[in-house]
Structure formats: C-alpha cells, structure tokens
Amino acid sequence: MRSTPLYTETVPGGSTWSHVLKRGTALRITDAAGGANVAAYFLNFEMPAERFNLPDTLKAQHTARLTKGHVLYSDMGRILCSITEDSVGWHDPISGVSNAALIEKRYGKATYQQAHNNWHQNARDGLIIELGKYGLGPRDLHATVNFFSKVTVDNDGCLHYSPNHSRAGSCVELRAEMNVLVLLNTCPHPLDPGDVYAPKPVELSISSVPAPRSDDACRMLCPENTRGFLMTEFYFL
Amino acid sequence: MATINLQISPLRPETAARNFIVEAGDPFVHEILKGQTVRIVDLEGNQAVDTLFFNAHDYADRYSAQDTIREQGNIYLTTGTRLISTEGNVLLTITADTCGRHDTLGGACAQESNMVRYAFEKRYMHACRQSFLRGIQHWKHGLEKRDITSNINFFMNVPVTPEGGLTFEDGVSEAGKYVELRAEMDVLMVISNCPQLNNPCNAYNPTPVQVLIWDEHVR
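Residues numbered from 1 in each chain as written. Chains lettered and ligands numbered in written order. Predicted model: local features only at pLDDT ≥ 70, side-chain atom pairs only at ≥ 80, totals over all residues.

A. Local environment of the overall build of chain B. Assigned secondary structure in chain B consists of three helices and 11 strands. Tracing chain B from N to C terminus, the helices and strands come up as β-β-β-β-β-α-β-β-α-α-β-β-β-β. Computed over the C-alpha atoms, the radius of gyration of chain B is 16 Å, within 12% of the 17 Å expected from 2.2 N^0.38 for a compact globule of 219 residues. When the backbone C-alpha atoms are referred to their principal axes, chain B occupies close to 50 × 45 × 35 Å. Counting over 219 residues, chain B shows a buried share of 50%. Counted over contacts in chain B with a minimum sequence separation of 6, partners at least 24 positions apart contribute 77%. (Helix = DSSP H or I, 4+ residues; strand = E, 2+ residues; numbered from the N terminus. Rg over C-alpha atoms; globule rule 2.2 N^0.38 Å. Buried ≥ 20, exposed ≤ 12 C-beta atoms within 10 Å, placed from the backbone. Contact = placed C-beta atoms within 7 Å.)

Take a look at the structure:
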C-alpha cells in the first residue's frame, strides 16, 4: 500500500536528475505524455565503488528484459532497487545511452547558443556531468537501463526497437533496498527512429514504503533473488 | 537456429611475434598496438575467455558492450564486429572467427555473484573478477575496480530469446577454435581465463588458452 508522496517533480525531456533514494522509500516514474525514455544508473551512495551491474542483473534472473518482480543488482551481489510496480511490462537493459555523435547524426546539431534550453542534449554527457557532482566521472558510468523502451532480440541476435511502447500514464516503481544514488536522463532512446528531437517529460514521486516482507514478490521471484535480499540485509547488520 | 558464419585466418602461428599460454584462473594483461593482430585459441574446447579492452593512451575510454551491440544492431560478436569504446572509437575489429558466436551480455563471474546465483558457500571459489582485479593491480597505472566494466566472453554462448529470456548454454566452441582481432588503435587487453565450475561456460573443466600476436603486414 502506497502512502501519500513525500515529494513530486516533473522532469522535462532531455534533462538529467539525481537523488540519493533512501532505503525505505520508493521512486515512481510516470510517463507524462507517452513515448518517454528514461536512461537510469544506480550506485551505492555510501560506497560508490559498488554500482549497478547489468550482466549480474540479467544472469541472476535469467532475463534480457526488466519488469515488475525483477531487481537491480550491484557488482557485490546486493540489490540496489527492486521493481515493485510496472504498467509497461518491458524495459530495455541492452541498448545503452545516446551520445553527442548519435544525437547530432539523427536530429542535427542545436547548440545552447542557437537554441538555449531547447538545445539537443544527450544522455551520456548528461549522466557524466551529474556523476561529476558526486566526485565521480566517466570511468564510473557503466551499463545502464532504459525504462519505458522495448528492444527485442530475434533468433539471429538482431535488435528490433518497438515504437510507441509506452503510453501516457505508464509508470514504474523502484524501491530502494539501500541508500542508492539514482541518476536518470530523459533524452531519446538511442534506437528511436524519429527524426525530430522531442524528448518526453516524466513525473517523479517519492513515497515511504515498508521493508520487503518474507513473501515479497521480488524476493520470491527466484532463489537467486532470495539470496540477493539476504546479502543486502546482511550489509546492514 | 541462428546463422553462424565462420571465417578462417590466413595468418600462420609460426610467424607470430608473441605466443603465450594463459592457464585457467589466470589473468593476462598485454598491450596490442595499432595494426597488430591478436588471436585467442580455445585449445581444449568450450573455454570462456573474459576480456576487457582499453584505449592504451586513455583508460577512461574503454570497450563498451552496449555501444558495440547497438552500433552493429546485434548482440552476438563475430567476424566483422567492430568493438566500440565509450567515446565512440573503434578499438579492434574481429577479422577471423572459427567459433562463430561470442557473448558480451553475460559479464564476468565474481565471488559475490556466485553467492547469489548458486549458494553462499560458493564464495571462496575462484572467479573472473578476482583475476581481473589481480591483473589490473599488477599492471598498475591507476586501474581499479571501476575500470572493470561489461566484458566480452569469447567462446561463450548466452542466447537471448525473442521473449526476453537469457540462459547460459553449452558452448558452441571446441578444441582449436579461435577468434582473431585487429587493433585499430593502441589498446590494452585484460583477460581472465575463466575458472567458473558452477555452470557449463567451461564445460565444468576450465582449460588453458593460447594468445598469439602478429605484427602488421606479417602473414
């Protein structure tokens, strides 16, 4: 059961957001207009050498997509966040983030001088600048997740981007299992075929949530997650 | 079944400038200069070779699995794959491959991930990220854990299904299969010859691999 939000905010498209999401709270991200993409990256705020590990997340849960019930693993076998709600059903962990060259190639160049705050920004630079605010830098940005986007892999290994995957009002909720430095960026998905730079806004809300119970759906998804929760709880002993 | 393309190399082992054997459970760190070709040989079959590459002149610019996958539009690495760095540079190109498919989604095993995946008592079994840390600590030059990013698993088979499933399957490699890469810039190669005993990535029997390096224009 979700309590009244402690905090709400709308993040415009093409922007970067960060926050130390505390254990005992959850962040809900809502696609405000439809067609949003949110690149996301996570670190243990107390020990940033521990951070989101994409391969460990995928192989522990035998998945190449992320949805409700999945958790986001650090490189230390612990859980940074759990996906406790999801109305989308598929979030992309494979395609990575846009960069300056990709955005210019697809949408043309629009500098700050030319376009002021409507300039064409990219996720990689946004995330690295944001990491810089915490004393971190390019070496600290590893593989990321794209919320609200779907990319499937066919039997030959080829990627297929699914257009119009997320509708307005779609949401995903991330429960912090430790104090997590969360970085989000709302630039377009790097495989979005559109030729007009029109990144979409998202609404954020943070609420207090109870600690995961013994029958928590994320904990019970697979034996790996049961052990992952125990390892995370051991960290706090 | 997915299409597998095999490409044989014209290079002869006797003309290689360098020739190393890397035993299972060992790290191997070596620079490959622009124009040189490096071959990794799966000597006894089904041996995962976890590998990282860095721009030799700027270690912050390093192999990126996600950028490599996205730019070629395919999750499997084989002949023709260009290994893309975080700064968008082409580090190396795969020029020959008699195995046909290599993984870059499965990452490297670690003591901690083995605890999650298998059992807490697996903690003290040897793992790739132990070897990666030892390799970069001995190499010095400031490399540390944050430089161990998503790696390549040569000779490893991690199929993804259209429904979004991911599994570790028996390898498609066998004794004598090899993969060969041409360095497009000076790179640092960091290998962990995988010691994993808990899944079929090494056919439950980790074995040595061979690393051969040819100078440019040698046949």
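B. Summary view of the overall build of chain A. A count of helices and strands for chain A gives five helices and 12 strands. Its C-alpha radius of gyration of 17 Å places chain A within 12% of the 18 Å reference for a compact globule of 237 residues. Seen through its C-alpha atoms, chain A measures out along the principal axes to roughly 55 × 40 × 35 Å. Going through the 237 residues of chain A one by one, you find that 51% of them count as buried. Partitioning the intrachain contacts of chain A with sequence separation of at least 6 by distance along the chain shows that 76% fall at a separation of at least 24.

C. Spotlight on the environment of Q72 of chain B. All names here are of chain B. By secondary structure assignment, the location of Q72 is in helix α1 (residues 65-72). Along the chain, Q72 and G106 lie 34 residues apart, while their C-alpha atoms are 18 Å from each other. Residues contacting Q72, with those up to four places away along its chain left out, are T81 and R82.

D. Inspection of helix α4 (residues 123-132) of chain A at higher detail. Residues and elements named next belong to chain A. Restricting attention to buried positions, one finds in α4 the residues A123, R124, G126, L127 and L131. Seen from one end, α4 has its buried residues packed into an arc of 165°, which puts them on one side. Those residues of α4 that are buried are in contact with β2 (16-21), β4 (38-44) and β11 (180-185). (Arc of directions from axis to C-beta.)

E. Representation of the nonpolar core within the structure. Ranked by internal contacts, the top residues of the largest apolar core, which has 114 residues, are A40 and F42 of chain A together with F53 of chain B. Per-element tally for this core: the top contributor is β4 of chain A, with six residues. Residue contacts for F42 of chain A: discarding those within four places in its chain leaves R51, F52, L72, L80, C81, V180, L181 and V182 of chain A. (Core = buried A, V, L, I, M, F, W, Y, C linked by C-beta atoms within 7 Å.)

F. Here's a closer look at the sheet that holds β4 of chain A. Residues and elements named next belong to chain A. A sheet is described by the order of its strands in space; here four strands give the open sequence β2-β11-β4-β7, paired in antiparallel fashion. Of all the strands in the sheet, the pair left with one neighbour each is β2 and β7 (145-147). With direction set aside, neighbouring strand axes in the sheet form an average angle of 30°. In the sheet, β4 pairs with β7 via three bridges, with the strands oriented antiparallel. Each bridged residue has a counterpart across the sheet, and for V38 the counterpart in β7 is F147. (Pairing = 2+ DSSP bridges. Axes fitted to C-alpha atoms, helices over the stretch in contact; angles between N-to-C directions.)

G. Structural detail: the interface of chain A and chain B. Contacts between the two partners involve 40 residues from chain A, matched on the other side by 37 residues from chain B. Looking at the side of chain A that touches chain B, the elements that each hand over two or more residues are α1 (54-61), β8 (151-153) and α5 (223-235) of chain A. With six residues, α1 of chain A is the largest single contributor of residues to the side of chain A that touches chain B. Per-class residue counts for the side of chain A that touches chain B are 18 nonpolar, 12 polar and 10 charged. (Nonpolar A, V, L, I, M, F, W, Y, C, P; charged D, E, K, R; others polar.)

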